[in-house]
Amino acid sequence: MKNEEFAAAMTRYAFRMMHYVLLVAFLSSCVEENKGKAVTGAAQSAPYELLVVANKEWLKTQTGKALMDVVESSIEGLPQNEPNFKCIKIDPVRFNSTFKVYANILWVEIGSKYQTAEMRIARDLYCRPQLIVSLYAPDDAALALLLQERREQILGLFNEQEFSRERQRLSKKHSGVVSQQAEKQFGVKINAPADIRQVKAGKDFFWASTGNQDFKLNICLYTLPLQNLSFETFAAVRDSVMRVNIPGGHEGQWMETDARTLSYNQRTDPESGALQMVVRGLWDMKGDAMGGPFVSYIQLDTLNERLLVSEGFVFAPNKKKRALIRELEAALQSVELK
């Protein structure tokens, strides 16, 4: 991608993000009050658990099933279907102190007392961190329309909540070996999972891995010239880097990208404001039966006039991969350029 094209993409995305920020600011104005009570208890739910509080009979209706289709939709970029969240469903009358410690709560209420459909957002009402998204509507038709309009936002809010929890955990306990290598070689900060300790450095590249026998978590950092990347050329550029730096165990084997599986979006880092291009897909080892998911974060390093690529990939045959790839993605989100 040429400098002019990249800059134009950043400008277009900035306008879209401005609209999104204004929308989130408006919705955040609906946050419920804590009534002056300090919340000190920690959330007790497992990662990627979502408590759905709604009438269980209603959840069997067409609109109720549509709601569950949203929150249980499959994650992009995995070789098997795995849902975004493990959902626990309860009726509102059962919502007591046992369930108030969930980090993620989706509350649904339908009734004639509501004039219009609306979505409200509350944080840290009963524990910390906690996100409660409430959907209110006068009838099923209004809720179905609200759900259609807010689908991506609902998923985005809960996913960001989980990434935030993961980033916080990694900030407290992470791999010192990877941190030192990233600082030494690229002048950047990254909080990689603490189990990632084996590092192999190359030219403008390093690869760090857990080295476990049954599964491996992997982090790569590498740089590219500004003019050498677009979504259309990403697979070829990535393959040229991996062929040199991650060969297989025999001649003619190296890591390659399954270009058919790639998806692409853009993200603005909530802390630094940096624009990041995110690519997801599957990798395999040419000439071997190895493979798995990967996610790449690409951003401008303006000080050094280059692109910085931070990437996580998983090798975990016969294992669920949601928690593994998302832990790595949270690590990529922790990358800080000087």
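Residues numbered from 1 in each chain as written. Predicted model: local features only at pLDDT ≥ 70, side-chain atom pairs only at ≥ 80, totals over all residues. Heavy atoms only, no water.

Caption draft 1: Just helix H5 (residues 234-245), in detail. Look at H5: 17 Å from first C-alpha to last across 12 residues, which is about the 16 Å you get at 1.5 Å a residue. Where H5 is concerned, the buried positions are Phe234, Ala235, Val237, Arg238, Asp239, Val241, Met242 and Asn245. (Helix = DSSP H or I, 4+ residues; strand = E, 2+ residues; numbered from the N terminus. Expected span 1.5 Å × (residues − 1). Buried < 20%, exposed > 50% of the residue type's maximum accessible area, 1.4 Å probe, protein only.)

Caption draft 2: View of unusual backbone geometry. Following Arg128, the chain continues to Pro129 via a peptide bond in cis, the omega torsion being -5°. As for its placement among the helices and strands, Pro129 is situated in the loop between strand E4 (118-123) and strand E5 (131-137). One non-glycine residue, Tyr48, lies in positive phi territory at about 65°. By the secondary structure assignment, Tyr48 is in the loop between helix H1 (3-28) and strand E1 (49-53). Even without a glycine there, the phi angle at Asn318 is positive, about 65°. Position of Asn318 relative to the elements: it lies in the loop between strand E13 (306-315) and helix H6 (322-333).

Caption draft 3: Spatial organisation of the pairing of strand E7 (residues 198-202). Relative to strand E8 (residues 205-209), E7 is paired through 5 bridges, and the arrangement is antiparallel. From the neighbouring strand, Lys200 faces E8, where its bridge partner is Trp207. (Pairing = 2+ DSSP bridges.)

Caption draft 4: Broad picture of the environment of Gly287. In this fold, Gly287 is placed in the loop between strand E11 (275-285) and strand E12 (291-301). Sequence separation between Gly287 and Gly252 is 35 residues; the distance between their C-alpha atoms is 7.1 Å.

Caption draft 5: How the structure looks around the environment of Pro193. For Pro193, the position within the fold is in the loop between strand E6 (188-189) and E7. Exposure remark for Pro193: the relative accessible area of 3% places this residue in the buried category. Through-space distance from the C-alpha of Pro193 to that of Gly176 is 9.5 Å; in sequence the pair is 17 residues apart. Leaving out residues up to four positions away in the same chain, Pro193 has contacts with Leu170, Ser175, Glu327, Leu328 and Ala331. (Contact = heavy atoms within 4.5 Å.)

Caption draft 6: Quick look at helix H4 (residues 176-186). All of the buried residues in H4 are Val178, Ser179, Gln181, Ala182 and Phe186. Within H4, the buried residues cover an arc of 165° as seen down the axis, which keeps them to one side. Of the exposed residues in H4, the ones pointing more than 90 degrees away from its buried face are Gln180 and Lys184. Those residues of H4 that are buried lie in contact with E6, E7, E8, strand E9 (216-224) and E13. (Arc of directions from axis to C-beta.)

Caption draft 7: Fine view of the sheet that holds E12. Read across the open sheet, the 7 strands follow the order E7-E8-E9-E13-E12-E11-E10; overall the sheet is antiparallel. Looking along the sheet, the strands with just one partner apiece sit at the ends: E7 and strand E10 (255-268). Direction aside, neighbouring strands of the sheet carry axes that sit 15° apart on average. Pairing of E8 with E9, which is carried by 5 bridges, proceeds in the antiparallel orientation. When the sheet's bridge partners are listed, Phe206 is paired in E9 with Leu221. The strands touched by H5 are E7, E8, E9, E10, E11, E12 and E13; relative to E10, the strand with the most contacts, the crossing angle is about 120°. Across the face of the sheet, H6 comes into contact with E9, E10, E11, E12 and E13 while running at roughly 160° to E13. (Axes fitted to C-alpha atoms, helices over the stretch in contact; angles between N-to-C directions.)

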